[in-house]
Structures are given as C-alpha cells and as structure tokens.
Amino acid sequence: MISYEIAVVGSGPGGYVAAIRCAQLGKKVALVERYPTLGGTCLNVGCIPSKALLDSSHHYHHLLHQSEDHGIIINKSSVHLNLEKMMNRKNDVVNKTISGVNFLMKKNKIDVYNGHGSFVNNNTLEITSSKESKQIRFQHAIIATGSKPNSLPFVKIDKERIITSTEALVLREVPKHLVIIGGGIVGLELGQVYNRLGAQVSIIEFQDQIVSSMDVDLGKELTKVFKRSGIKFYLSHKVINVESKNNIVAIQAENKTGNLVDFEADYCLVSVGRRPYTDNLGLENIGVKTNQHGQIQVASNLQTDCPNIFAIGDVVPGAMLAHKAEEEGILVAEYISGQKPHIDYNLIPNVIYTWPEVASVGKTQQEVIESGAEYKIGRFPMRALGRARASGDIDGFVKIIADKTTDQILGVHIIGPRASDMIAEGVTAMEYRASAEDIARMSHAHPTFTEAIKEAALSATENRPIHL
C-alpha cells in the first residue's frame, strides 16, 4: 500500500489547486478523481464550457444585431448558425483546459488515481474503478468533491427534455421555447446563450427578484436589459408541477396572488442551485457528519471533526464559487505545512458572465442597512463613459457603498462591460481597507471602463463626479 502525506479527493479547482500547493510545499500528494477527466464540474460541465458558449453566442448575436451600427453591412440571410461546430469549439476549449491540468499534475509530481474515493478510516482511502479497487494511506486528506445540480422534489430530471445545466451545455438543437426554473447565475447565463441563438426564453423565479444574493440594483438593471432582448420573467412564481410528454414539457406555477399560470416548452432547464456531493465517501467511517443541507461542517481552518481531514469548496458552507474553493485549497495546504493563512470571505467576488457582466464584492446595500451602519452611496452610469459609447456597451453602472463617517469602502457592485475584470480593483481596494477618496484620487487611464469606478468613488466623496 502506497503512503502519501496528502490525499486530495476531487480534482475540481479546489482539489487540483490544493494538490499543487501541497506539492509546492514539499509534500507527497495523491489526487483522486472519480470521473475520467480532471477539472471537476467547473472545467467539464460548468464555468469553462458555459463561458465558451457565452462568447460564441455573443459573436453570433453581435453579427446579426449590432454590426451595422459599426458600419459593417452583412447580408443577414447568409449568416447561419452551425450549432454543432459551436459545440465542438466549446469541447475543444474544455479539452485544452483539462490537458493543462494534466500537465500541472505531472509538473508537480502529483500521483493521479481515477476512481471513486471513500474513507476506510482516518488514514486509509479506498479507490474503486470499473477495473480494480486499491487502497492508499495518508497522513492528511482534503475532501474537495464539489457539488451537483439540485432539483425540486416533484421534478423528474429525464436529461432529455427536463434538463440540468449539464445537459443544457450539449444540446443538439436550439430550443423553440426554453423555460428556466430559477433566476440565479446559471439560469441567466444559459438563458442568454439560447436567447441569442434564437430561442424564446422564459425564466420562472420564486423570489421577487433575480440573483437575490447580490445587490438588488444589479438584479433590477439586468432584468431590464434582458427584457429588451425578449427574455420573459415571471417573478414571485412558485413552480408546482413539471411533466414531459411527447417532446413537450408542461410547467405549472402559482403566482403571488394564488392564480395558476401554465407554460409549454420543448425544453425545461431546472436551475435551482446545487447540492454538495458527499455520496458514498465513507464519512461515517471517520466520524464526519453533514448538516441539513448536506454540507460538511468545518472549523475556521476548514478542519472537519476528524482532525487530520479537511474539507473545501462546495462541500462546506458558503458560496459555491470556483475561486473560493481555490483559496480554501491553498489555505489548507499552507495550514498543514505549519503556516498561518487567512481568508476574508467578505472579499471573495461574485460574477455573472452575461452581457453586460455583473460583479460584486463586499456588502450589499441591504446587508449594510441590516447591520445598522450609516453609509453613503456613489453611483456612475456606464453610458456617461467615452469608452462605453465607443464600443456601444452603455448599459449598467458602478455602485460603491462606503461608511458615512470613515469613508471606508463597504461594497463595490458593477454591472457593465468587463465587470468580471473590473471587480478586481474593488477587491484590491477593500483588501487594503481603502476609502472612496483613495480610489477617487487614483489615476485611471482614459478612455477605459474602469473610469466608472473612479467616478463612482468621486460620487461617494462629497458627490463630485466629473463627467456627470
């Protein structure tokens, strides 16, 4: 039986990053993955393929609807969608990314085992595949098995007409009518993909706003933009039945007044969040329990009830974000090695990769109000930027929330072009406890989208934006 200092179970962004950092710190590491390819949900059926489709569909939509604005005259009847080729490109992006992870495993001399890992005891892991079953020993283990799509208790996912995000990434046709249950990040991103490709898209959301975890103003602005593109929203609607028959999906929902609303579609995407994947891990053999949400309870250092076993990413409480999992993987690797790492969960950004993009870090306005803190807000619209007008991306704004007395930045919320890149400035500023005036006094290149951050900071600082 081979012995390792560290055994990592799960090769998603949390797991493979943890493995690399452990190897960098001189540990002998094993990485166990139950699927044939490394990378977990994110690389295989999540972040990477969805962004590839978002990018491809953006090109297609831009050709059809915005090229003439730039003086590029196209015979629209000759513009054809080859969905198979678009999917093949997406697959190529995924495969190259996975190949990159394989290379990193070899570079860092990490032993990779393909098979389902389960704990025999607190020092032994059994790895079972279709070919064989073997055991390895370890001093420390990191559980990084991620999550899988959730569903509603009365909905049967048939993976043909009633689908999850996994199946939505490999459709062989553009739906005529795609009904999406859930107005969260995944549903919005995939909804925009198929809306651009020509599908009628309807989004049914139980809450009275989309992306309820983010600042309410961001959800309102994105709803407005999506409605202009033809996407229909049914907020405050509770889905009560979903049935598929003869390639038609019938969905029934109840609105806030108690009236029933019927929908008919050729595809229904159930996008109601994700649940931790902790099935058959042998947690009972190591005394590790899960809470009512299926999450593994951990201490601040991500240690489980079994002292030499840690858990990170989607299997522990907190936002289900790839970059959160990465930071947790690094924290555990460094903690095991005797260092004293730290994560400020308030400063982990959240992003929606639609267009316009949406990004947020820190406290929302609702959270600041609930905390009782006195605050001020600086806000600047994208349409007032020269760079935004030049590219035609004028939707959105930057919103900065700062403490009314100290001027320290409490939250940065962006909807607009390249918000996913711009949010790093907000993270950096808040990491160093910057004030709104600090950002207002920084020189920002002109013309750029990030000037909106400077202007929003100026707006929060004595309400003195220059270009508004």
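Data block above holds the structure.
Since the structure is predicted, the reported quantities are computational estimates derived from the model, not experimental observations.

S.K.: Would you explain the sheet that holds strand β9 (residues 177–181) in this entry?
M.R.: Strand pairing in a sheet is mediated by backbone hydrogen bonds. Such pairs are either parallel or antiparallel. Strand order in this open sheet of 5 strands is β8-β15-β9-β10-β11, and the pairing throughout is parallel. Of all strands in the sheet, those with a lone pairing partner are β8 (162–163) and β11 (232–234), marking the two edges. This element, helix α6 (residues 185–196), spans β9, β10 (200–204), β11 and β15 (267–270) of the sheet and lies at about 165 degrees to β10.

S.K.: So what exactly am I meant to see when it comes to the packing of helix α1 (residues 13–24) against helix α8 (residues 322–336) here?
M.R.: Running from N to C, α1 and α8 point in directions that differ by 30 degrees, and their axes come no closer than 8 Å. As judged from the angle between their axes, α1 and α8 are roughly parallel. Handedness of the α1/α8 crossing: right-handed. Each of Pro-13, Gly-14, Val-17, Ala-18, Arg-21 and Cys-22 in α1 lies in contact with α8, whose residues at this interface are Ala-322, Ala-325, Glu-326, Gly-329, Ile-330, Ala-333 and Glu-334. The residue makeup of the contact of α1 with α8, split by class, is 8 nonpolar, 2 polar and 3 charged.

S.K.: Is there a simple way to explain the pairing of β15 in this structure?
M.R.: Moving residue by residue along a regular strand, the side chains alternate between the two faces of the sheet. The two faces of β15 match: Tyr-267 and Leu-269 on one face and Cys-268 and Val-270 on the other face are all buried. By the bridge criterion, 2 bridges tie β8 to β15 in an arrangement that is parallel. Its bridge partner being in β15, Ile-163 is matched across the sheet by Leu-269. Where β9 meets β15, 4 bridges bridge the pair, whose relative direction is parallel. Its bridge partner being in β15, Ile-181 is matched across the sheet by Val-270.

What counts, and where the lines are drawn
- Per chain, residue numbering runs from 1 following the sequence as it is written.
- Side-chain atom pairs in this predicted model are given and counted only at pLDDT of 80 or more, local residue features only at pLDDT of at least 70, and totals for whole chains, interfaces and linings cover all residues.
- As a rule here, side-chain values cover all heavy atoms of the structure and leave hydrogens and water aside.
- Two strands qualify as a pair provided DSSP detects at least 2 bridges between them.
- Each helix is a run of H or I in the DSSP string that is no shorter than four residues. Each strand is a run of E no shorter than two, and both are numbered from the N terminus.
- By the convention used here, residues are in contact when the closest approach between their heavy atoms is within 4.5 Å.
- The axes are straight lines fitted to the C-alpha atoms, using for helices just the contacting stretch, and the angles between their N-to-C directions are given from 0 to 180°.
- In these notes the angle categories are as follows: under 35 degrees is roughly parallel, over 145 is roughly antiparallel, 65 to 115 is roughly perpendicular, and the rest is oblique.
- If you view the pair so one helix is near and one far, a crossing is left-handed when the near helix is turned anticlockwise from the far one by less than a right angle, and right-handed when it is turned clockwise.
- Amino acids are sorted into nonpolar (Ala, Val, Leu, Ile, Met, Phe, Trp, Tyr, Cys and Pro), charged (Asp, Glu, Lys and Arg) and polar (every other residue, Gly among them).
- In this scheme, a residue with accessible area under 20% of its type's maximum is buried, one over 50% is exposed, and one in between is partly exposed, where area comes from a 1.4 Å probe on protein chains only.

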